[in-house]
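Residues per chain are reported as follows:
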Amino acid sequence: MTRRIDCDVAIIGGGLVGSSAALALRGMGLSVTLLDKGFCGAQASGVNYGGVRRQGRPPEQLPLSQRAHAIWPQLARLIGIDGEFLRSGHLKLARSAADMASLERYAAEVAPFALDLELIGHNQLRERFGIAGGVIGGSFCPGDGHANPRLVATAFAGAARRAGAEVLENTKVTGVTRTFEGFALEAGDVAVKARTVINSAGAWADNFARAFGEPVPLERTYPSMVVTEPLDPFLGVNVGIEGGGIYARQVTRGNVVVGGERAAPLDDPDYSRPRSDGVLAIMQRASELFGPLRHAQAIRFWSGTEATMPDRNPVIGPSATTPGLIHAFGFSGAGFQIAPGVGEVLAELVRDGRTSTPIDAFAITRFPPASQPDDALSSR
Ligand SMILES: Cc1cc2nc3c(=O)[nH]c(=O)nc-3n(C[C@H](O)[C@H](O)[C@H](O)COP(=O)(O)OP(=O)(O)OC[C@H]3O[C@@H](n4cnc5c(N)ncnc54)[C@H](O)[C@@H]3O)c2cc1C
């Protein structure tokens, strides 16, 4: 028998973006149904590296990133756990004079956003952070840090449920139709009527955008990660490299999480498998920088599916074709840190039709619209 639900807001996708929006909307007293085709937080939001980093973001993301930055230390109050959030600082290293010049330019460009970036020379890198091999300097952002994505993503969905949201897992949305009053969603044996729909379906959100005449050049990417056995503490900061190639953090238990390569997609592009040469490359690069990693055992590797946009900025904001539809996807490898801020922004957009945080740069209208909506979704 079909279960019928009538609510103010239906949210497609229970990653950190959808779950934090659900929690914020419940805080405003709106009725919310959060639907996920699997388990909330089981995709990118729960398997990512765990970097909670503002440094390196394009300036247009920084107001939103700063909003999220204020939320992270409040997780215990908000979702009942601290998510192992550590304000360790984020250190971005430069391997060449050109990379150092790029870090210097970035520090000057984002100075108005008060990230308090500190440019650091080679000697200080060694003295303060114990890092020497192959790098000439770096840029340190003391307020950035890291957290445990496995804990944070599911805890947001749990908090939304406790706050009164209807959270439906293993419930894939297969069709969304605009009706006179709002939207009708089909999801297996559940039929949802909602005034507003949030499309936070991560790497699958392009299907919903296309169905409403808004095709986007979303590409699925598959970052891969490695974690080592617990080691004595040697890395007190979250480290990245200008130009990419490797990032690493050590958790309180001693394990070191390292990323920097891409996995290979499987036949079902929802899933991927880390390539063994990629895993070896990550560990090789990491051990050149950090001596203690030279003889460390890697105990697990994994990968996740991420929605990447060509300009590396997300799509956040109202649909240009369909009143009541709001998009939030395409976080391009950097959505973990900003998601709690995005959730608040989405809730404001639903309640007020606008938000106090600048999001114009993320409008879906930066991509050309389709001449006709695509109804392929109803057959998915
Ligand atoms: C390996 C990896 C490392 C990363 N490292 C970092 C990092 O260190 N720092 C950082 O800031 N960001 C990082 N990211 C990016 C970050 O994880 C993502 O940008 C963020 O989690 C995106 O959240 P989301 O809610 O949009 O997507 P997701 O977490 O993917 O959630 C989308 C949800 O939608 C659901 N869904 C899809 N289709 C449907 C449907 N038809 N019906 C119902 N539900 C549906 C999915 O099941 C999924 O749960 C990383 C990503 C990966 C993969």
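Computed from a predicted structure; not experimentally measured.

(A) How the structure looks around the domain arrangement of the chain. Split into domains, the chain comes out as domain 1 (3-49 + 150-216 + 312-366) and domain 2 (87-144 + 220-308). When each unit is reduced to the centre of its C-alpha atoms, the spacing between domain 1 and domain 2 is 30 Å. Lys-37 is the partner of Asp-270 in a salt bridge, and the nearest nitrogen-oxygen pair spans 3.0 Å. Linking domain 1 with domain 2 are 11 residue pairs in polar contact (both at pLDDT 80 or more). Mapped onto the side of domain 1 that touches domain 2, the elements with two or more residues apiece are α2 (44-47) and α8 (205-211).

(B) Structural context of the pairing of strand β22 (residues 325-329). Burial within β22 is extensive, with 5 of its 5 residues counted as buried. In β22, alternate side chains face the same way, and those of Leu-325, His-327 and Phe-329 on one face and Ile-326 and Ala-328 on the other are all buried. In this structure, strand β21 (residues 315-318) lies alongside β22, joined through 4 bridges in antiparallel fashion. The residue bridging Gly-317 from the neighbouring strand is His-327, located in β22. Hairpin geometry of β21 and β22 is characterised by an intervening segment of 6 residues between the two adjacent antiparallel strands and by a positive phi of about 95 degrees at Gly-324.

Rules of the game
Residues numbered from 1 in each chain as written. Predicted model: local features only at pLDDT ≥ 70, side-chain atom pairs only at ≥ 80, totals over all residues. Heavy atoms only, no water. Domains from an automatic or database assignment. Salt bridge = Lys/Arg side-chain N within 4 Å of Asp/Glu carboxyl O. Polar contact = N/O pair within 3.5 Å; in protein donor to acceptor, adjacent residues only side chain to side chain. Helix = DSSP H or I, 4+ residues; strand = E, 2+ residues; numbered from the N terminus. Buried < 20%, exposed > 50% of the residue type's maximum accessible area, 1.4 Å probe, protein only. Pairing = 2+ DSSP bridges.

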